[in-house]
Amino acid sequence: MNCAYRTAIAPLRDLPRSRPLPSVAETVYAERPSVPLFCLRPAAITSAAERFVARFPGRVLYAVKCNPEPALLRALWLGGVRDFDAASAAEVELIGQSFPSAGIHFMHPVKARPAIREAFVRHGVMDFAVDSADEMDKVLEEVGGDQGIGLLVRLALPKGGAVWDLSGKFGAAPGEAASLLRRARSAVRRVGLAFHVGSQCLDPAAFERALALAGRVVAEAGVTPDILDVGGGFPVAYDNVRPPEPETFFAAVARGVERLALPSTTELWCEPGRALVAAGQSVVLRVLARRDKALYVNDGIYGSLSDAGPPGFRFPTRPIAADGRILSARPLPFTIFGPTCDSADRLKEPFLLPADIREGDWIEVGQIGAYGTALRTAFNGMDEAMLIEVRDDPLSVSAASADRAA
Ligand SMILES: *Cc1c(COP(=O)(O)O)cnc(C)c1O
């Protein structure tokens, strides 16, 4: 079986490949995994990338932090993604080594000096985000002046419609952003304006509002940007969240951009993470113990299920019986506890599972491709896991429970 072990943070290196890919159930019965088994669906990732690249009215940069798994990156590449939003020296290196012809863009507005140097000298990174005059000077010093680089000014946004609001940490206020645009224009030949509405943004109008603010900054600066980067934040469905269709977001971006009446030479970029990869990975958990209507499982909020902790995302599930028995059709809401010793390691929302599920059975949890494996820790020494590529379709999110929650 082409399973491989990995630890919490380091991406798996060479994933052995065999075709055709196995199914999740075949793998579970063959391996009987008692550590979390991550099931990557390359076909789902490739088609999500194809759809996004075809429909977004501009260039698509994948936000590497969302899931840096090399097999997943290959699937995105197959789907037509050629540009990457990297935020650290390690991410730059990973993309540079994986895809020598990729466009790598260093979009973190606070960078270590050696990371800037290495990105520019060793990997030919030409675009750098900045949100202060100090950071702009830092980049210019490390690359040695203009050198043909692009400087993208990160604009801070007011609190908006995203589940993860990032407005408090990065970005220049509008007045400051305008003066940074002017400063950038006098330092380099290629300047851009970038923002990020926050992750899992459920409101398409948030992009229009952000673009309107970007328009005011451009007007105040009197600088026409060569690049306008609307960031990530495009949402996906979970069992208790049903966001508007992706087209609604793309249309909002297109409308917002059109109102700015920028010249046709201004490039439009975006930096999706979640929308490209959420559906493309699941994890198979094992039930370690059952106590009445509580299940103790081998992964939790310090593992790949942090979004099911306090954020309360409800992931789709599928039970897999240990002995191949037919599980009862009657579902019960089970409280789920993760494996670490912390009592906070429990999921916020119950899982609906067959009434007769028991110790030794498995539960496949879908829709964890975004920020699932990326946020795992080694807390309590529980970082062991397996990873496999499978041929299954993604677990479908349940519209019925989304309606109930709405
Ligand atoms: C995290 C991040 C992204 C990706 O966000 P998603 O919500 O996963 O689409 C894009 N751009 C920036 C600057 C980010 O910090």
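All figures in this text were calculated on a predicted structure; none of them were measured in a lab.

> What is the right way to look at the overall build of the protein chain in this model?
Secondary structure assignment for the protein chain yields 11 helices and 19 strands. Against the 2.2 N^0.38 benchmark of 22 Å for 406 residues, the protein chain shows a C-alpha radius of gyration of 22 Å, consistent with a compact globule. In terms of principal-axis extent, the alpha carbons of the protein chain reach across some 70 × 45 × 40 Å. Split into buried and exposed, the 406 residues of the protein chain put 57% on the buried side. Put simply, 75% of the contacts in the protein chain that link residues at least 6 apart link residues at least 24 apart. Each charge sign in the protein chain was given a centre, from 45 positive and 48 negative side chains, and these centres are 2 Å apart.

> I would appreciate a short explanation of the domain arrangement of the protein chain in the present structure.
Assigned domains of the protein chain: these are domain 1 (4-41 + 278-405) and domain 2 (57-271). For domain 1 and domain 2, the distance between their C-alpha centroids amounts to 32 Å.

> Quick question: what am I supposed to make of unusual backbone geometry here?
Across the chain, the bulk of peptide bonds are trans and the bulk of non-glycine residues have phi less than zero. The residue R32 is not glycine, and still its phi comes out positive at about 45 degrees. On the secondary structure map, R32 appears in the loop between helix 1 (24-31) and strand 2 (37-40). In this model, A261 sits at a positive phi of 50 degrees, which is unusual for a non-glycine residue. Along the chain, the position of A261 falls in the loop between helix 9 (246-260) and strand 12 (267-270). Given a relative accessible area of 64%, A261 falls into the exposed group.

> What exactly am I supposed to notice about the site of the ligand here?
Residues in close proximity to the ligand total 14 residues, the closest being K65, S199, G233, E271 and Y371. Contact distances for the ligand include 2.9 Å between an oxygen atom and a backbone N or O atom of R274. Considered on its own, the ligand offers 390 Å² of accessible surface; in the complex 91% of this is hidden by protein. Split into classes, the residues belonging to the shell around the ligand amount to 3 nonpolar, 6 polar and 5 charged.

> What is the right way to look at the sheet that holds strand 4 (residues 83-86) in this model?
By way of backbone hydrogen bonds, the strands of a sheet pair with one another, either parallel or antiparallel. Pairing is parallel around the closed barrel formed by 8 strands, whose spatial order is 3-4-5-6-7-9-11-12. Neighbour to neighbour, the strand axes of the sheet diverge by 25 degrees on average, direction disregarded. With 3 bridges joining them, strand 11 (residues 227-229) and strand 12 adopt parallel strand pairing. Note that in strand 12 the partner of D229 across the bridge is W269. Each of strand 4 and strand 5 (103-106) is contacted by helix 4 (residues 89-98), which is oriented at about 175 degrees to strand 5, the strand it contacts most.

> How should the pattern of salt bridges be read in this particular structure?
Oppositely charged side chains can pair when the atoms bearing their charge come close. Considering all chains together, one arrives at 26 salt bridges under this definition. Between E364 and R318 there is a salt bridge, with the nearest N and O atoms lying 2.8 Å from each other. With E364 in strand 18 (residues 362-365) and R318 in strand 15 (residues 317-320), this pair connects stretches of sequence that are 46 residues apart. Judged by relative accessible area, E364 falls into the buried class, the value being 0%. Since its relative accessible area comes to 28%, R318 is described here as partly exposed. Through salt bridges with shared partners, one network takes in R41, R318, E364 and D392.

> Teacher, can you tell me more about the environment of V143 here?
Residue placement: V143 occurs in helix 6 (residues 133-143). The buried category is assigned to V143, whose relative accessible area is 6%. Residues V143 and V121, 22 residues apart in the sequence, show an inter-C-alpha distance of 7.9 Å.

> What exactly am I supposed to notice about helix 5 (residues 113-123) here?
An α-helix turns once every 3.6 residues. As a result, residues three or four positions apart point the same way. Here helix 5 has its buried residues at A115, I116, A119, F120 and H123. Buried residues of helix 5 fall within an arc of 120 degrees about the axis and therefore sit on the same side. Exposed residues pointing more than 90 degrees away from the buried face of helix 5 are listed as V121 and R122. Each element contacted by the buried residues of helix 5 is listed here: helix 4, strand 5, strand 6 (127-130) and helix 6. Of the residues trailing helix 5, G124 is marked for its positive phi of about 65 degrees.

> What is the right way to read the packing of aromatic side chains from this model?
For any pair of aromatic rings, the description consists of the separation of the ring centres together with the inter-plane angle of the planes. The full count for this structure, using the stated rule, is 19 aromatic pairs. Ring centres 4.6 Å apart and planes at 65 degrees place the aromatic pair Y302 and F379 in the edge-to-face group. One end of the pair, Y302, is in the loop between strand 14 (294-297) and strand 15; the other, F379, is in the loop between strand 18 and strand 19 (385-389), and 77 residues separate them in sequence. Three or more aromatic residues joined by ring pairs make a cluster, and in this case those are F52, F56, F207, F234, F249 and F250. The lysine or arginine in question, K111, covers the ring of F106, its NZ or CZ lying 5.8 Å from the ring centre. A cation over a ring is seen here: R291 above Y296, with NZ or CZ 4.8 Å from the ring centre.

The rules behind these values
- Residues numbered from 1 in each chain as written.
- Predicted model: local features only at pLDDT ≥ 70, side-chain atom pairs only at ≥ 80, totals over all residues.
- Heavy atoms only, no water.
- Helix = DSSP H or I, 4+ residues; strand = E, 2+ residues; numbered from the N terminus.
- Rg over C-alpha atoms; globule rule 2.2 N^0.38 Å.
- Buried < 20%, exposed > 50% of the residue type's maximum accessible area, 1.4 Å probe, protein only.
- Contact = heavy atoms within 4.5 Å.
- Lys, Arg positive; Asp, Glu negative; His and termini not counted.
- Charge placed at Lys NZ, Arg CZ, Asp CG, Glu CD.
- Domains from an automatic or database assignment.
- Near = heavy atom within 4 Å.
- Polar contact = N/O pair within 3.5 Å; in protein donor to acceptor, adjacent residues only side chain to side chain.
- Areas by Shrake-Rupley, 256 points an atom, 1.4 Å probe, with all protein chains shown as cover.
- Nonpolar A, V, L, I, M, F, W, Y, C, P; charged D, E, K, R; others polar.
- Pairing = 2+ DSSP bridges.
- Axes fitted to C-alpha atoms, helices over the stretch in contact; angles between N-to-C directions.
- Salt bridge = Lys/Arg side-chain N within 4 Å of Asp/Glu carboxyl O.
- Arc of directions from axis to C-beta.
- Phe/Tyr/Trp six-rings, centres within 6.5 Å; stacked < 30°, edge-to-face > 60°.
- Lys NZ or Arg CZ within 6 Å of the ring centre and 35° of its normal.

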